[in-house]
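Overview (structure and organization)
Each chain is listed here by its residues.
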Amino acid sequence: MPRIALEPRFQVEYLSILDSDGNLDTALEPKLADTDLRSLYRSMLLGRRLDERMVRLQRQGRIGTFAPTKGQEAAQVGSIYTLRPTDWMVPSFRETAAMVWRGWPIEKLLLFFSGHLEGGQPAPDQHDLPITIPVATQLPHAVGLAYAAQYRGDDVVVMAYFGDGATSEGDFHEAMNFAGVWHVPVVFVCQNNQWAISVPLKKQTHSRTIAQKALAYGLPGIQVDGNDVLAVYAATREAVERARAGDGPTLIECVTYRLGVHTTADDPTKYRSDLEVAMWEQKDPLTRFRAYLEKRNLLEEGLEQRVDDEIAEAVRRFEATPPADPVVMFDHAYAELPPDVQAQRDAMAASEPATPARPDASPEATPPTQPGATPMRGQRLTRR
Amino acid sequence: MAKLNMVKALNQALFQEMERDADVLVLGEDVGVDGGVFRVTDDLQRTYGSQRVIDSPLAEAAIIGTAVGMALYGLKPVCEIQFSGFAFQCFHQIENHCARYRMRSQGRFHVPMVIRMPYGGGVRALEHHSESEEQFYAHIPGLKMVIPSGPRNARALLAAAIRDPDPVIFFEAKSLYHAAKEEVPDESEVIAIGRAQVAREGDALTLIAYGAMLRVALEAADILRDEDGAAVEVIDLLTVSPLDRETLVASVKKTGRAVVVHEAPRSFGPGAEIAASIMDGAFLSLEAPIRRVTAYDVPFVGFAREKANVPDVPRVVSAVRETLAF
């Protein structure tokens, strides 16, 4: 009969190891080999330089709209680093740095963002789902993959990525709930970058943290400094080990910041102040990790140049891709085309010119057009 | 050989497919201990265990979403959505993911899953328990949309759907679950998805129906034979999408007239696509406009008025007579 407090013993931890002023908590510092530290930095740097290059390519009209990762390199690289190739990665749409780490060729990502689905095709031996755009809808897929792995008795951990906005979606809550009930090996990695396009976190949730949402589903949740690659790595490694040991899912909230635009079609000056951005630039994940490596004498000479060369080489390969053959659109609709769709395909194949122009090809690659016949962007070039 | 109603026949299909393939698993609300609210999954959990016949939490989107993940891993989940009226809570998973994963991943992944849903009226049920909403799924490229009309074809089509490498939406007419028993052979059978069947031959007019409306069409054809001396050919679609245009066109080339019957509202429904396909393939054979006998273009009307909304035998007979007299 009484009205009493249940006092559930819930707590949410916050983890920071290397702060933006360069202070290091040596007791918490993960024991990483020099090669790992170098490799982490290289991936973060590659993520940053590729991001900057992609924004320029988009502005030049050489690729389409994409969602930049600038500012979130530690959250992505620090977490994905803990996965094995046989584990599964389930991305949303802003995980370029993590995807490159997982082996996605850069030219393939560029192809994807120029509208070619071939760029979203994982390699046959790659345990990654393609980019998923509708917010949070990939999270139940991660839980299903983990269930299937457990059902088959495979030693597999699934890592799923999403943002702060996704935590308002039903699919996030349903996925967390199913993962808790089924006790499956999933690690949910939330990149809380403070902004879901123009809506700030405080309008997204009244919770003090995103991490605490895990507690309602019976899972551990932890908040980490998402710009501290060592903290992200340490928290994720713990979660992955727990999942691998059969101890169920974890939610990790990486507190980070989207330093750039939501997508290249977005103008953040409409909704946030330069001052706020400048404040977060002081917490740049690359700056503090670079200083950490410098102190340990682990910075590689000429790394920036090598990374830029790698990107330039990939851009060259991307731009040498032959034009898209329209008829290929029928190849992966069904295992076997229904007769009527086959007829649609045959009609297209009979009417298509042999070498259609690719609207997004580089200027050198586009065929010359008659004066005054400049096509709209996205329109096929026609020669009269 | 045993006489089975549609519930038992569907249950047998699930047993047979789970027996033949360890990758087949079942999930949904109340499908385990309870055997499903219509008992289609009865005894499966007792036989195959709770890991393979999963009583999921109550969330349609996650039932379909997790099943997509299982299918991407290589399993063959058979999901139950308790009533088709609740499927809008998982529609995004069906449209955005089930239907598209083969394309999105350019063939690296495919989604071999089945989504079973009881649909349609005739059981005096509340809102969201009586609707007929096949048109939404039939419109989505990448999906297949199957609706059996009796115990034997239900068992064979469910087996085919489970073995299909692509996602199949499988509608089960609630009014047919216990309507009739039919002789069903003991050994498993398969009916190819995408093929309609001529349920009764005739040369006066082609009457096209599926699911619970097949019985209505056949009864109408009886009356037209007995009272008008008209031999109406009745086609049971079995698969709504991909539509078996070949069978429809061949029939109308012979009869010159067509009437389509469905329980879904008329506008932009399957009847429109069927009529357009007949126009494409048999225009010069047509002697009369193609008529549609369907539910009216109004939202759920309540079961007290359901009989006035869902096509019945007199409405079909009258549409056929008008078409024959045109």
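Residues numbered from 1 in each chain as written. Chains lettered and ligands numbered in written order. Predicted model: local features only at pLDDT ≥ 70, side-chain atom pairs only at ≥ 80, totals over all residues.

**Comments concerning the overall build of chain B**
Threshold: Secondary structure counts use DSSP, requiring at least four H or I residues in a row for a helix and at least two E residues in a row for a strand, with both numbered from the N terminus. Here the globule rule is a power law, 2.2 Å times the number of residues to the power 0.38, and the radius of gyration is based on C-alpha atoms. Neighbour density around each residue's C-beta defines its exposure: 20 or more other C-beta atoms within 10 Å make it buried, 12 or fewer make it exposed, and counts between make it partly exposed, where C-beta atoms are placed from the backbone. For the purpose of contact definition, each residue receives a C-beta atom placed from its backbone, and two residues are in contact when these atoms lie within 7 Å.
Within chain B one finds 12 helices and 14 strands. Computed over C-alpha atoms, the radius of gyration of chain B comes to 19 Å, within 12% of the 20 Å expected from 2.2 N^0.38 for 326 residues, which places it in the range of a compact globule. Judged by the C-alpha coordinates and their principal axes, chain B covers about 60 × 40 × 40 Å. Going through the 326 residues of chain B one by one, you find that 58% of them count as buried. For chain B, the proportion of contacts with a sequence separation of at least 24, taken over those separated by at least 6, is 80%.

**So, the overall build of chain A**
From N to C terminus, chain A includes 13 helices and eight strands. In summary, chain A has a C-alpha radius of gyration of 23 Å against a globular reference of 21 Å for 384 residues, a match within 12%. Within chain A, the fraction of its 384 residues that count as buried is 43%.

**Re the interface of chain A and chain B**
How we decide: Polar here means any residue outside two lists: the nonpolar Ala, Val, Leu, Ile, Met, Phe, Trp, Tyr, Cys and Pro, and the charged Asp, Glu, Lys and Arg; Gly therefore counts as polar.
The partner chain B presents 34 residues to the 34 residues of chain A that form the contact. Looking at the side of chain A that touches chain B, the elements with two or more residues in it are α5 (139-152), α6 (170-182) and α13 (339-351) of chain A. In terms of residue count, α5 of chain A provides more of the side of chain A that touches chain B than any other element does, 10 residues in total. Looking at the side of chain A that touches chain B residue by residue, the classes come out as 22 nonpolar, eight polar and four charged.

**Considerations on the sheet that holds strand β9 (residues 197-200) of chain B**
Residue and element names in this part refer to chain B. How we decide: A strand pair is defined by DSSP finding two or more bridges across the two strands. Lines are fitted to the C-alpha atoms to define the axes, a helix being fitted only along its stretch in contact, and any angle between axes, read from their N-to-C directions, falls within 0 to 180 degrees.
Taken in spatial order, the five strands make up an open sheet running β9-β11-β10-β13-β14, and their pairing is mixed. Because the sheet does not close on itself, it has two edges, and the strands there are β9 and β14 (291-295). Averaged over neighbouring strand pairs, the angle between their axes works out to 25° when direction is ignored. Here strand β10 (residues 205-209) pairs with strand β11 (residues 232-236) via five bridges, running parallel. Each residue of the ladder has a partner; that of Leu207, found in β11, is Val234.

**Considerations on the domain arrangement of chain B**
All names here are of chain B. Put simply, the test is: Domain ranges listed in this record stem from an automatic or a database domain assignment.
When the domains of chain B are assigned, the result is domain 1 (2-184) and domain 2 (197-325). Summarising the inter-unit geometry, the C-alpha centres of domain 1 and domain 2 are found 26 Å apart. Facing 26 residues of domain 1, the contacting portion of domain 2 comprises 20 residues. Broken down by secondary-structure element, the contributors of at least two residues to the side of domain 1 that touches domain 2 are α6 (134-138), β6 (144-146), α7 (151-163) and β7 (168-173).

**Section: the confidence of the model for chain B**
Low-pLDDT portions of the prediction should not be read for the details of their coordinates. Heads up, the rule is: Confidence per residue, as judged by the predictor, is encoded in pLDDT with a range of 0 to 100.
Mean pLDDT for chain B: 97, with 100% of residues reaching 70 or above. Both scores are given for the predicted complex: the pTM is 0.94, the ipTM 0.97.

**Some points on helix α1 (residues 34-59) of chain A**
Applicable threshold: To estimate the expected span of a helix, subtract one from its residue number and multiply by 1.5 Å.
With 26 residues, α1 of chain A should cover 38 Å at 1.5 Å per step; its first-to-last C-alpha distance of 38 Å lies within 8% of that length. Among the residues trailing α1 of chain A, Gly61 of chain A stands out with phi positive, at a value near 80°.

**Considerations on the packing of α6 of chain A against helix α3 (residues 60-73) of chain B**
Put simply, the rule reads: To sort the angles, those under 35 degrees are grouped as roughly parallel, those over 145 as roughly antiparallel, those from 65 to 115 as roughly perpendicular, and the leftovers as oblique. Here is the rule for handedness: rotate from the far helix to the near one, and if that takes an anticlockwise turn smaller than a right angle the crossing is left-handed, while a clockwise turn gives right-handed.
Taken N-terminus to C-terminus, the directions of α6 of chain A and α3 of chain B make an angle of 70°; their axes are 9 Å apart at the nearest point. Our classification of the angle between α6 of chain A and α3 of chain B gives roughly perpendicular. Along this stretch, α6 of chain A crosses α3 of chain B, giving a crossing that reads as right-handed. Only Ala61, Ala62, Gly65 and Thr66 of chain B of α3 of chain B make contact with α6 of chain A, whose side of the interface consists of Gly170, Asp171, Glu174, Ala175 and Phe178 of chain A. Residues belonging to the contact of α6 of chain A with α3 of chain B are distributed by class as follows: four nonpolar, three polar and two charged.

**A closer look at the sheet that holds strand β3 (residues 158-163) of chain A**
Residue and element names in this part refer to chain A. The strand order across the open sheet formed by six strands is β1-β7-β8-β4-β3-β2, and the pairing between neighbours is parallel. Two strands bound the open sheet, and with one partner strand each, they are β1 (13-15) and β2 (88-90). Each adjacent strand pair in this sheet contributes to an overall mean axis angle of 20°, direction not counted. Sheet topology places β1 next to strand β7 (residues 221-225); three bridges connect them, and they run parallel. Paired with Glu13 across the two strands is Ile222, which belongs to β7. In the packing of α5 onto the sheet, contacts are made with β2, β3 and β4 (186-192), and the angle to β3 comes to roughly 175°.

**Some remarks on the environment of Asn153 of chain B**
Residues and elements named next belong to chain B. Checked against the element boundaries, Asn153 lands in helix α7. Along the chain, Asn153 and Phe86 lie 67 residues apart, while their C-alpha atoms are 25 Å from each other. Beyond its immediate sequence surroundings of up to four residues, Asn153 is in contact with Pro148, Ile191 and Leu238.

**Structural notes on the environment of Met279 of chain B**
Its location among the elements puts Met279 of chain B in helix α10 (residues 270-282). With 11 residues separating them in the primary sequence, Met279 of chain B and Ile290 of chain B have C-alpha atoms 8.8 Å apart.

**Quick look at the confidence of the model for chain A**
Across chain A, pLDDT averages 92, with 92% of residues at or above 70. Ignoring residues within four places in sequence, the model shows residues 361-384 of chain A, a span with pLDDT below 50, making 21 contacts including any to other chains.

**What about the packing of α3 of chain B against helix α4 (residues 91-98) of chain B?**
Residues and elements named next belong to chain B. Relative orientation of the contacting elements α3 and α4 amounts to 25°, with a least axis distance of 8 Å. The angle between the axes of α3 and α4 places the two elements in the roughly parallel class. Seen from α3, the contacting residues are Ala61, Ile64, Gly65 and Val68; seen from α4, they are His92, Gln93, Ile94, His97 and Cys98. Classifying every residue of the contact of α3 with α4 gives five nonpolar, four polar and no charged.

**Notes on helix α9 (residues 229-244) of chain A**
Residue and element names in this part refer to chain A. An ideal rise of 1.5 Å per residue puts 22 Å on 16 residues; α9 measures up with 22 Å between its terminal C-alpha atoms. Looking at α9, one finds that the buried residues are Val229, Leu230, Ala231, Val232, Tyr233, Ala234, Ala235, Thr236, Ala239, Val240 and Ala243. Backbone geometry just downstream of α9 places Gly246 in the positive-phi region, at approximately 85°.

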